[in-house]
Structures are given as structure tokens and as C-alpha cells.
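Residues per chain are reported as follows:
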Amino acid sequence: MKLILVDDEKGIVDGIKLLINRYIPECEVVGVAYNGLEGGSLIQELQPDIVITDIRMPQVSGLDMIKGLKDKGSQTTFILLSGYADFEYARRGMQLGVQSYINKPVEEEELQSCVHQAMKAIRADRAKRQEVADLKQEVHHLIQENALRDILDVGSDNTELMEEWLEMAQIPTKGNGFAGVVLEFDRKFDALKEVGLQQVLCQIDLALEQYDGVYRFRYTGSQVAVVVAQGGPIRYAELLRAMQRLKEEVKLKLGLSMTIGVGTIQERAAGISQSFEEARYALSYKVVKGVDTVISFTDITNLSGRIQSVPEERIAQLEAALENMDEKECVSIIHDIFRLIDSEPSMTPADLQMHCVNILLASIRKMSFQQLQQNDFLGRHILSLDGISRFRTLECLEEWMVEVIRKMIEFKLEHNIPKKKDIIAEVKEYVSAHYNEPITLADLSARFFISPYYLSQFFKQKTGETYVSFLSRIRIGKAKELLERTDLKVYEICQRVGYSDTQHFARLFEKLTGCKPSEYRKRLPSS
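Keep in mind the model is a prediction, meaning the values are calculated, not measured.

Rules and cut-offs
- Residues numbered from 1 in each chain as written.
- Predicted model: local features only at pLDDT ≥ 70, side-chain atom pairs only at ≥ 80, totals over all residues.
- Heavy atoms only, no water.
- Helix = DSSP H or I, 4+ residues; strand = E, 2+ residues; numbered from the N terminus.
- Buried < 20%, exposed > 50% of the residue type's maximum accessible area, 1.4 Å probe, protein only.
- Contact = heavy atoms within 4.5 Å.
- Areas by Shrake-Rupley, 256 points an atom, 1.4 Å probe, with all protein chains shown as cover.
- Axes fitted to C-alpha atoms, helices over the stretch in contact; angles between N-to-C directions.
- Left-handed = near helix turned anticlockwise from the far one by under 90°.
- Nonpolar A, V, L, I, M, F, W, Y, C, P; charged D, E, K, R; others polar.
- Core = buried A, V, L, I, M, F, W, Y, C linked by side-chain atoms within 4.5 Å.
- Salt bridge = Lys/Arg side-chain N within 4 Å of Asp/Glu carboxyl O.
- Parallel < 35°, antiparallel > 145°, perpendicular 65-115°, else oblique.
- Phe/Tyr/Trp six-rings, centres within 6.5 Å; stacked < 30°, edge-to-face > 60°.
- Lys NZ or Arg CZ within 6 Å of the ring centre and 35° of its normal.
- Lys, Arg positive; Asp, Glu negative; His and termini not counted.
- Polar contact = N/O pair within 3.5 Å; in protein donor to acceptor, adjacent residues only side chain to side chain.
- Pairing = 2+ DSSP bridges.
- Right-handed = clockwise from strand over helix to strand, strands pointing away.
- pLDDT = per-residue confidence, 0-100.

J.: If you had to explain the overall build of the protein chain to someone new, which residues and values would you point to?
T.: What the protein chain contains, in helices and strands, is 25 helices and 10 strands. Sorting the 527 residues of the protein chain into buried and exposed places 49% on the buried side. Long-range pairs, those at least 24 residues apart, make up 68% of the contacts in the protein chain with a sequence separation of at least 6. With an accessible surface of roughly 26400 Å², the protein chain has 48% of that area assigned to carbon and sulfur atoms.

J.: Hey, could you go over the packing of helix H8 (residues 197–207) against helix H9 (residues 236–254) for me, with residue numbers and the actual values?
T.: Between H8 and H9, the shortest axis-to-axis distance is 9 Å and the interhelical angle comes to 145 degrees. In this structure, H8 crosses over H9, and the sense of that crossing is right-handed. Taken together, the residues of H9 that come into contact with H8 (itself represented by Gln 199, Val 200, Gln 203, Ile 204 and Ala 207) are Ala 242, Arg 245, Leu 246, Glu 249, Val 250, Lys 253 and Leu 254. Of the residues in the contact of H8 with H9, the class split is seven nonpolar, two polar and three charged.

J.: Tell me about the nonpolar core, residues and numbers included.
T.: A general feature of soluble globular proteins is that nonpolar side chains tend to end up buried together. Core analysis: the largest hydrophobic core is formed by 55 residues, its most contacted members being Ile 272, Leu 444, Tyr 467 and Phe 505. With nine residues, the single largest contributor to this core is helix H22 (residues 467–485). With near-sequence residues (within four places) excluded, Leu 444 lies in contact with Val 427, Tyr 430, Val 431, Ile 439, Leu 455 and Tyr 467. Counting residues in hydrophobic clusters, the runner-up holds 26 residues, among them Val 224, Tyr 236, Met 243 and Met 258.

J.: How would you summarise the pattern of salt bridges if you had to cite specific residues and measurements?
T.: Tallied over the entire structure, the rule returns 13 salt bridges. Residue Lys 10 is joined to Asp 14 by a salt bridge in which the shortest nitrogen-to-oxygen separation is 2.8 Å. Linking Lys 10 with Asp 14, this pair stays in helix H1 (residues 10–23), spanning four residues, or about one helical turn. The partly exposed category is assigned to Asp 14, whose relative accessible area is 37%. Here Arg 406 and Glu 327 are joined by a salt bridge, their closest N and O atoms 2.8 Å apart. In this pair, Arg 406 is assigned in helix H18 (residues 394–414) and Glu 327 in helix H14 (residues 327–342), connecting sequence segments 79 residues apart.

J.: Just give me the short version of the packing of helix H19 (residues 423–433) against H22, but keep the residues and values in it.
T.: Interaxial distance between H19 and H22 falls to 10 Å at its minimum, and their mutual angle equals 40 degrees. Relative to H22, H19 is oriented oblique. Note that H19 runs across H22; the crossing there is right-handed. On H22, the residues that touch Lys 428, Val 431 and Ser 432 of H19 are Tyr 467, Phe 470, Leu 471 and Ile 474. Broken down by class, the residue content of the contact of H19 with H22 amounts to five nonpolar, one polar and one charged.

J.: Give a detailed account of the packing of aromatic side chains, specifying residues and quantitative values.
T.: If you walk through the whole model with that rule in mind, you get seven aromatic pairs. The ring of Tyr 499 carries the charged tip of Arg 475 above its face, separated from the ring centre by 4.9 Å.

J.: Quick one: what's the story with the side chain of Asp 501, residue by residue and with numbers?
T.: Residue placement: Asp 501 occurs in the loop between helix H23 (490–496) and helix H24 (502–513). Summary of buried charges: Asp 501 has no salt-bridge partner, and the nearest side chain of opposite charge, Arg 507, is 4.9 Å away. Looking at Asp 501, its side chain comes within polar contact range of the main-chain nitrogen of Gln 503, at 3.2 Å. Not counting the four nearest positions on each side in its chain, Asp 501 is found in contact with Ile 143 and Cys 494.

J.: An account of the pairing of strand E2 (residues 28–33) is needed here, citing residue identities and associated values.
T.: Where strand E1 (residues 2–6) and E2 come together, five bridges link them in parallel fashion. Each bridged residue has a counterpart across the sheet, and for Leu 5 the counterpart in E2 is Val 32.

J.: Could you give an account of the pairing of strand E4 (residues 77–82), naming the residues involved and the relevant values?
T.: One face of the sheet, then the other: side chains in a regular strand alternate in exactly this way. Along E4, five of the six residues are buried, which leaves the element largely enclosed by surrounding structure. Alignment of strand E3 (residues 50–54) against E4, held across five bridges, turns out to be parallel. Among the inter-strand pairings, Ile 52 is bridged to a residue of E4, identified as Ile 79. The β-α-β motif built from E3, the intervening helix H3 (residues 62–71) and the parallel element E4 has right-handed crossover chirality. Sheet topology places E4 next to strand E5 (residues 100–103); four bridges connect them, and they run parallel. Bridge pairing in E5 links Ser 82 to Asn 103.

J.: Give me the lowdown on the environment of Val 224, citing residues and values where you can.
T.: By the secondary structure assignment, Val 224 is in strand E8 (residues 223–230). What makes Val 224 buried here is its relative accessible area of 0%. Sequence separation between Val 224 and Val 181 is 43 residues; the distance between their C-alpha atoms is 8.5 Å. Apart from the residues within four sequence positions on either side, Val 224 is in contact with Val 181, Val 182, Leu 183, Phe 185, Leu 197, Leu 201, Ile 204, Phe 217, Arg 218 and Tyr 219.

J.: Describe the confidence of the model for the protein chain, with residues and values.
T.: Should pLDDT be low for a region, the predicted coordinates there are not to be read in detail. Considering every residue of the protein chain, the mean pLDDT works out to 80; 79% of them sit at 70 or more. Across residues 383–387 the pLDDT falls below 50, and counting only partners more than four positions away or on other chains, this stretch makes 16 contacts in the model.

J.: Quick rundown of the environment of Gln 503? Include the residues and the values.
T.: Residue position: Gln 503 is located in helix H24. Take Gln 503: its relative accessible area is 57%, and that puts it in the exposed class. Between the C-alpha atoms of Gln 503 and Tyr 491, which are 12 residues apart in sequence, the distance is 9.2 Å.

J.: An account of the sheet that holds E4 is requested, with residue identities and associated values reported.
T.: The five strands lie next to each other as E2-E1-E3-E4-E5, forming an open sheet whose pairing is parallel. Lying at the two open borders of the sheet, with one neighbouring strand each, are E2 and E5. For this sheet, the mean angle separating the axes of adjacent strands, direction not counted, is 20 degrees. Sheet contacts for H1: E1, E2, E3 and E4; angle to E1, the most-contacted strand, approximately 160 degrees.

Set out below in C-alpha cells:
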């Protein structure tokens, strides 16, 4: 620790300095001064941990020097040194926060004891400050993650709401380069629990340190979401190279394999959700590009544009048949689709495989990849190249597709997914019962076997409002009830209805009700 000596007697300064160098190696004497005025300037300049100062000195006394430094916010620990064993000096020193007092002549043991006590107190104070700082950082990360989830999962046509989310996440809106990225680990993702998510996040920070802002958090059990922000343009090729380096470093240093989906560069922060959805879409094409790769949305656009896609109405019919678990109708539609494929000229094996991929991705777009991974057959055949890459003829591919569709129906029956169930009604019922929990679209997608993006779009289509707006309305409604019926404080109500940030809760409450929570309570009629 750094230490400064202040005394108007040079002999005493030299003597104490010798004792410290000899008996207290943990401290380094970084400066000496011979009056309070000089000492105050030196302490401000060097910011030492400990100062041993005389009380009575010319120009400015030790106590006046301490007071001046404390008034300026100094965090230095002071030890008083004086030949005057006067209670008044000790009392004034205690008022200034001085806890140690040494009389002249200085005894070696007393000096060591005082300095060691000071160092112990400094370490304890630093540990406490670090604990508070870590807690604040943890709360900040939680608030940021929740805001980012809202942005990534839902997006918003409401610019004002989007700006508020971005402000909460502390993402600058004035930059002109934003991109969404999804990292998905392989089936050995349980190994991440041993390695630690924090190590993965550190590797992300190192690989993307050239960018102004990098925001990352676990999105689902096997996925990590990353948002990249830059004050200037982001070069797409450089971003893809950075992701390739990240993939290689994580595999080399942590022994984890992952596939990365990268969305396009957006010039406005409001486009973050679009870029992230593109990244998730790109990631779904790992069945074509393979696992342990970096897949860009532009690659997929070029890839899927090479061949004529299957008519959307046929895919819709297949979706409906799957939803009704009508195996006979599903098989009939698959046969019709393959007759259509067979009529196309110059069809290559790669094109045949691509058609199958498009059919599968379209037919399972309402289902959650996380849930599909729970089924060994579907996870192995739909979410990897193991199945589709083996077949080179149209007939073999058709038989394989029929088998996959049948397995999908078995999967739905195993998990008791009813026909034509009103998913949105069930979602609303579940949210209304669990509003005080941290419910995300990713959580709901896993629970109801539906992809987050599809759930977001379907919810708005059916209800006329976004999922986040619905959740906010439910929570604020419950908050109003608590304000009316209880004496709970506002911050307690904030926590009870599922919010962690009181300021955000207050702003949202005012936006939906026209007044702050405290004002709402004051306006209630007295009973």
C-alpha cells in the first residue's frame, strides 16, 4: 500500500520511513512533506492509501489538512502523530474519521500495530465496496438482460417504447452499426456448467473488443445472444471473421463446440430485433451448412434463392394437418409436394436436400427447437445432417420425410399436445397466473412448443397487442390492486408484480395510468 509521511521535523520523517521500510514491507513510502500545505497538495496528487501526519505544523495543521482533504472527498486513511497527548486533538481527529493516534517518540511496535490495523480496515472497506459494486453490476446486468430480451423477442413498432428499452439496456441509439448474433452450443452443452458461462462471456468480449458495445447473455439453455453496437459502420466481413475467431478460441480454450448465426448489419438501433431474428433463421440452416460453423443470413438468402420454393399454401396445409395430428393427410401432402418437386427440370441431389430442408423448417416453425432436441429421433434427423445427407434419390428422400412427419405426430402425442388448441388463450392464462415471475418469450416457447418469433407474431395477430404490452398491462393492473388494498411500499409492490427496477416500474405505471404509483395511492378515496 502507498504511504505518505507529513511532519515538520525531518529527523522524525526519516526515522519513521526507516522503520516502515524495515518492518512493514507491505507499505511503500511514496512521498514526504514537512508542512500541512505541502502535504495536502502531495496527498491530492499521489492519492496514497495511508498518511501518517503530525498535528502541529507551520502554515496548516495536520487536522486542518485532513479536514480540507475530507471535504474534497479523499478516501485516504489518516494516522495522527504528535508529542502532545491532548484529548482535544484526539477528539477532533475522531470527528474527522481518524481512528489511530501515535505519540512521540514513535515506538516500533506501536507503529507496526497502527499501520497494520489501518491496512486491515482498508482491505475490509475495499472488500465491502467491491461487494456493493458487484451487487450493483449484477442488478444492472439483470435489468439490461430483461430489456434486451424484450427488444430481441418482440421488437416494437412503438418508437418511444423501443427507445425506453434501449435506454434501460444502455445501448446507444445514435450509432449507425448494429448486429444480432446467436451462439448455439452442441449437445454437450452440459459441459458449459463445468466450464462456466462467465468464461464463455469473457471469450466473447475478447473476440469483439474492437466494437464500441458488446451485450451478451444466455438466451436459452443452449444459446447465448449477442448484440454488437458501433458508433460507425460495421463491416460485415470483419464481423464474420471475428465470429470465426471466437468459435475457434472457445473450442481451443474451453473445449466447447458451437454454431453461430449472424444477422445483417442495421443502421438504426430499432433494427436490432430484425437482425437477431435473421441470426436465428440463419442458425436454423445448420441442417444444411453443418454444425460448428458460422452461418450468415446473407449466405442463407443466396442459398435458398437458388431453387423454386414449395408453394406456401402447401406448407400451410401441412402445418394444419400436423396441428390436427392427421397422419394420413400429412402423408398425402408430402406425396403431392414430391410430385411437384419431381416435375422440376435439372434437379440436383443438393437441390433435393434443400427442398426437404425448406419443408421441414417451414413445417416445424411453430415448434421450439429446444423441445425438438428432447426427442432423440427428431433432434438427430431434423437438427443435424445425419439423416438428410444420406439420401440421394427422390424416392428415398420422400420415404424419409414421411418418417420424420410421423415422428413429429408421435412427439406431439407423447407430450399431450391437443388438436387445434388455443395457444394464445393458454399463454394469456399462464401469464396471468405467473405475472410476478421473470417470464420471457423463450420460456413460453419451451413450455408451449412454439418458437419465440412465431409466438410473438401470433400473439399480436390474435390479440392486437404485443406480448410485452399484455404482460405490462397485467402487472400494472395487479400493482393498482396492491396500492388500493395494502400498505406495501412502492418498491415492495414493484418486486411483487415481477419488476426488479423501481424506476422502470414507476415510468411504466405512469405511462399506463397517467400518474406515478405514489400519486395513484394519494388519489384513492379514504375509507
